[in-house]
Amino acid sequence: MRIALEHLTKKFGHVVGVEDVSLDIRDGEFVAFLGPSGCGKTTTLLMVAGIYRPTAGIIRFGDRVMNQVAPKDRNIGMVFQSYALYPHMTVFGNIAYPLKLKKVPKQEQIARVQAVADKMGIGDLLDRRPGQLSGGQQQRVALGRALVKQPDVLLFDEPLSNLDARLRLVMRAEIKHLQKELGITSIYVTHDQVEAMTMADRIAVIQNGRLQAFDTPDDLYDRPKTLFIAGFVGNPPMNFVDVEIEQANGAYYAVSPALRVEVPPDRGAAAAAHGGRVVMGIRPEDITIDPTGAVRGRVFVVEPLGRDDLLDVELDAHTRLHVLADPKLKVGAGDPVLLKLDTQKVQFFDAATERSLLWQ
Amino acid sequence: MATATPQHEPYMGSPADDLAFERISTGELVFQAVYSALVTVMLLEIGVIVFRVLEPLVHHAPALFGSGATIDETFTRTIGNALMTLAPFLAYAVAGHKMKPLASVNRARALGAALAAAAIVFVLVTMGQYVFRIGPFAERPSLEMTLRQTDAGILVEEVVSGGTADRAGIRPGDRITAIRRVEVTLAELNTAVRQSKVGDVIRLRVERGDEEEQFPVEVAATMEIRPAALVAGLVIALLFAAVAVFWPGGWTPYALLIAIMLPLAVGYLWLIIATFSFRTEGLLPVNAQGEVGGLTLRNWEFLWREATGSNPSIWRVTLNTLVIATAMMAIVLLVSSMAGYALSRMNFPGRRTFLSLTLILHGFPAVTLLIAIFFVLRNIGNIPVLGDYFGFNTRGGIALVMVAFELPLGVWLMKGFFDGIPWDIERSALIDGASRWRTFYEILLPQIRPGLLALGIFAFISGWGAYLIPQTYSIGTKTATLAVYINQLTSDTAPVNWNEIAAVGLFQMLPVFLLFIFAQEYLLNIYAGGTKGSS
Ligand SMILES: Nc1ncnc2c1ncn2[C@@H]1O[C@H](COP(=O)(O)OP(=O)(O)O)[C@@H](O)[C@H]1O
Ligand SMILES: [Mg+2]
């Protein structure tokens, strides 16, 4: 089922929940809505579900305008962060409820519920009540309930936020696998960018109710179109330095009081064409501690992350860079270090409009 | 074996406590005793205040409680007395309890200290009781003479000189035969004296030689010191202190619960005994002669009494009450749950105003609206058809008014319960394919079942005990409820049989009692609903 949102807007009185969001979701595609808490992800999802009525704009499933269609006639399945199971019904009752409402014959109900429950690995829990299940099991029941009616569209609202880290990893893989296997068009809301990056075909980044970008994970990471996206996608976040571009002997240099590094000619040229001051972005993993490095700094804070140490390196009073370093180097706070910047993936943005100078 | 292995003392309790109490100084002991005595005096003071507050209640009980809930004065007085008598024992227990840590080190010493402390407290308490004229020094109504029962009447053996009997002119050797013209035994005379107030005048018919004369004797307040009571008090004090020293801590909650529940339990016991008795003396049933006995079914006669002109049959009254209570429960549940849902889940103009208005209405005393509602009911009565069922002097009308008074509470309660259900569950049901209506009764209502049960029971009970509204808006006995029936028992011109009233009261209470026994699980579970994992 193809889904199209056109200039979708939702206001609660004076509070703007979602403003002018337009995007197209292809049939069978897995799309993530990514954004900080309170940015309007849930609101958008609930409009797609038919719970909220849009203040303005159009929602289409296929070619059909859905704005006036009741939730029960949209044939969607939804999984909530709170699971939203019916506490007074058994697991069977919960999963069978959509079928019961569709007046599916009892025998078929039993067969279909059993099939879905087996698929979700909860086939032996059917006569328990939600209160007797663990969080992970409850989430599986919720997923089963959303799947059992063979929906055209699957909606997920932060379904994994209440699970522990390990279980989240398992469920992440399972949901992704299921979605690909069943080929159901899915929208997955999350504030966790790792979740979005790993699971989605395309990610819609939302901020303050507005759509910031709608791209594949790779494009968002390697070719961010705005400063916001560059800073939002990726963990630890990208470093930004105000620089000027100098050209000498056919080479391009990004220069600030704290550093002077050579940048690739194509990117340098695009930035130089803009002229004046630009914002340079470089990811922490593209910076290494190296005795041959050209940038001098002093370690301000060390945050051990396990596999890496995250260093906060002070270049001068105005410039700090996040650097991922090998813990074996055993650098401590206060140590002077030399940094080497791998500028192959360096980004440039207009300081005023915050738009990328490299990608449009 | 030359190496010295460190020898450890066997561990005995918490060392810090032990050291602190190893040697208990006389100063400490005195301090504890004085402290306990202060606590006692405070408790006594509270007891006195409680008693003073209860006393007028006792005398005006019939007026205050109208019909159903009349309390015999002896009962309240018994409770008041019990409070004051028990208070010192708390102090003895405290005195003993203070020595508990010492007991794990040295039992004998702890016991001795506790007993000493209790004895000091006892002396202080006794002094206090003397000052306040309570306990063993309480002043009792008395005629200030010594009497003995003989065949020829009650013989006056001694008269306290200057006492009230002396002043009235009664001399030793006189024989008392009657109060006014009613012949009495010594037991009856004593009861009469005990039940009268200081200053009342008892007119004694006295035979002196061959003459017969009436002496009006004013009842005086006399302090009779009973040494036996004092000794018993001391023994109990020591016993309490001793028990407190070795009291297992785990029993305390039960002991407290029992102590708190005891007066209540005694109240119910008393009610039940009273209904099967001719008369009661404290908890003892007594017959006309004041002797123990006199059990009777007389008070339960109302169960099979035929209806007479002004007295309806109890069964008809019970049916009325049942109809009104059930109707109330059904209507209140239906309207409250739907209104509560709308107020909790929907946004409509006037929602907040409506909410605050209902709250105000809930605080409105029903009595102030009686006259206005009378006019409303009379006007409803003028509507054709409908008026016959919901007008003035109909069961429907009464139920309607009572439902109206119950609804504000119900609506607010239900709104609160709906507020507690996460939105997501409702959304989930809508997406699963349910209509809003179906979501309401298939998904939401089951989740607030404890609330529905509680509200239903509240509504039923308030209908079952209804008095003011049925009494006001009905003429004659057509729509009388049980409470109204009880009231009629008191407003007769004949002397009131309080024990019969107790019996009807017990009869009225039984269904409510059963209801609570079966529903208490739900009532207690009210706050345990909701969904795990919902945020
Ligand atoms: N029912 C509502 N009434 C008023 N404001 C709302 C309502 N639902 C959401 N909002 C507001 O809309 C904004 C977006 O909320 P939401 O979509 O829930 O954010 P999130 O991205 O965390 O899911 C927030 O500012 C929120 O306060
Ligand atoms: Mg949300």
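Right, let's walk through the structure included here.

Calculation notes
- Counting from 1, residues in each chain are numbered in the order their sequence is written.
- As a convention, the first chain written is A and the first ligand written is 1, with the rest following in written order.
- A pLDDT threshold of at least 70 governs which residues receive local features in this predicted model, and a stricter bar of 80 or more applies before side-chain atom pairs are shown or counted, although totals over entire chains, interfaces and linings include all residues.
- The side-chain values count all of the structure's non-hydrogen atoms but skip hydrogen atoms and water molecules.
- Proximity is defined per residue: if any heavy atom of the residue lies within 4 Å of a molecule or strand, that residue is considered near it.
- Polar contact criterion, stated in full: a pair of N or O atoms within 3.5 Å, where within protein one must be able to donate a hydrogen and the other to accept it, and residues adjacent in sequence count only if both atoms are side-chain atoms.
- In this description, accessible areas are obtained by the Shrake-Rupley approach with a 1.4 Å probe, and a residue is regarded as covered only by the protein chains that are shown.
- Put simply, DSSP H or I for four residues or longer makes a helix, DSSP E for two residues or longer makes a strand, and each gets a number counted from the N terminus.
- When residues are grouped by polarity, Ala, Val, Leu, Ile, Met, Phe, Trp, Tyr, Cys and Pro land in nonpolar, Asp, Glu, Lys and Arg in charged, and all others, Gly among them, in polar.
- Contact definition: two residues touch when any of their heavy atoms are within 4.5 Å.
- Buried area: the accessible area, evaluated with a 1.4 Å probe, that two parts lose upon being put together, summed over both parts.
- Salt bridge criterion: a side-chain nitrogen from Lys or Arg within 4 Å of a carboxyl oxygen from Asp or Glu.
- Two strands pair under a simple rule: DSSP has to find at least two bridges between them.
- Patches here are clusters of residues that have more than 30% relative accessible area and form no salt bridge, with a 9 Å joining cutoff for like charges and a 5 Å cutoff for nonpolar side chains (Val, Leu, Ile, Met, Phe, Trp, Tyr).
- For each residue, the accessible area found with a 1.4 Å probe, counting protein chains only, is set against the maximum for its type, and the residue is called buried under 20%, exposed over 50%, and partly exposed in between.
- Whether two aromatic rings pair depends on their centres lying within 6.5 Å, for rings of Phe, Tyr and Trp, where Trp uses its six-membered ring; planes under 30 degrees apart make the pair stacked, over 60 edge-to-face, and the rest tilted.
- Placement of a positive charge over a ring is assigned whenever Lys NZ or Arg CZ falls within 6 Å of the ring centre and within 35 degrees of the normal to the ring plane.

Turning next to the site of ligand 1. Residue and element names in this part refer to chain A. In the vicinity of ligand 1, the contacting residues are Phe12, Gly17, Ser37, Gly38, Cys39, Gly40, Lys41, Thr42, Thr43 and Tyr52. Within the backbone of Gly40, one N or O atom sits 3.0 Å away from an oxygen atom of ligand 1. Between ligand 1 and Thr42, the relevant distance is 2.5 Å, taken from an oxygen atom to a side-chain nitrogen or oxygen of the residue. Taken by itself ligand 1 offers 560 Å² of open surface, and the protein chains cover 62% of this. Considering every element that reaches the shell around ligand 1, the biggest residue donor is helix H1 (residues 41–49), with three residues. By residue class, the composition of the shell around ligand 1 is three nonpolar, six polar and one charged.

Attention now moves to the interface of chain B and chain A. How large an interface is tends to be reported as the accessible area lost when its parts come together. At the junction of the two partners, chain B supplies 22 residues and chain A supplies 26 residues. Together, the buried faces of chain B and chain A total about 2100 Å²; carbon and sulfur atoms form 59% of this surface. A salt bridge links Lys100 of chain A to Glu442 of chain B, with the shortest nitrogen-to-oxygen separation between them at 3.9 Å. Our count for the contact surface shared by chain B and chain A stands at nine residue pairs in polar contact (both at pLDDT 80 or more). Take the side of chain B that touches chain A: its biggest share by element is eight residues, from helix H15 (residues 423–432) of chain B. For the side of chain B that touches chain A, the class distribution of residues is seven nonpolar, nine polar and six charged.

Once that is clear, we can look at the pairing of strand S16 (residues 295–304) of chain A. Residue and element names in this part refer to chain A. In the sheet, S16 pairs with strand S19 (residues 336–341) via four bridges, with the strands oriented antiparallel. Across the sheet, residue Val295 finds its bridge partner in S19, namely Leu339. Bridge count between S16 and strand S17 (residues 309–316): six bridges; the pairing is antiparallel. Each bridged residue has a counterpart across the sheet, and for Val299 the counterpart in S17 is Val313. Taking the residues between adjacent antiparallel strands as the criterion, S16 and S17 are bridged by four residues, where Gly306 takes a positive phi near 105 degrees.

Taken together, the side chains of Ile331, Leu334, Val335, Met338, Trp437 and Tyr441 of chain B present a nonpolar region at the surface, about 580 Å² in accessible area. Exposure remark for Met338 of chain B: the relative accessible area of 38% places this residue in the partly exposed category.

With that out of the way, let us pick up the packing of aromatic side chains. As enumerated under the stated definition, the model contains 20 aromatic pairs over all chains in all. Centre to centre, the rings of Phe30 of chain A and Phe156 of chain A are 6.4 Å apart; their planes meet at 15 degrees, and the pair counts as stacked. You can see Phe30 of chain A sitting in strand S3 (residues 30–34) and its partner Phe156 of chain A sitting in strand S7 (residues 153–157), a full 126 residues away along the chain. Here Phe156 of chain A falls in the buried class, since its relative accessible area comes to 2%. Consider the rings of Phe156 of chain A and Tyr188 of chain A, whose centres lie 5.4 Å apart with planes at 40 degrees: the pair is tilted. Highlighted residues: Phe156 of chain A in strand S7 and Tyr188 of chain A in strand S8 (residues 185–190), separated in sequence by 32 residues. Each member of the pair, Phe156 of chain A together with Tyr188 of chain A, is buried. Taken together, the ring pairs connect Phe276, Trp300, Phe302, Trp315 and Phe507 of chain B into an aromatic cluster. Between the NZ or CZ atom of Arg145 of chain A and the centre of the ring of Tyr86 of chain A, over which it lies, the distance is 4.5 Å. Between Arg223 of chain A and the ring centre of Trp359 of chain A, over which it is positioned, the NZ or CZ distance is 6.0 Å.

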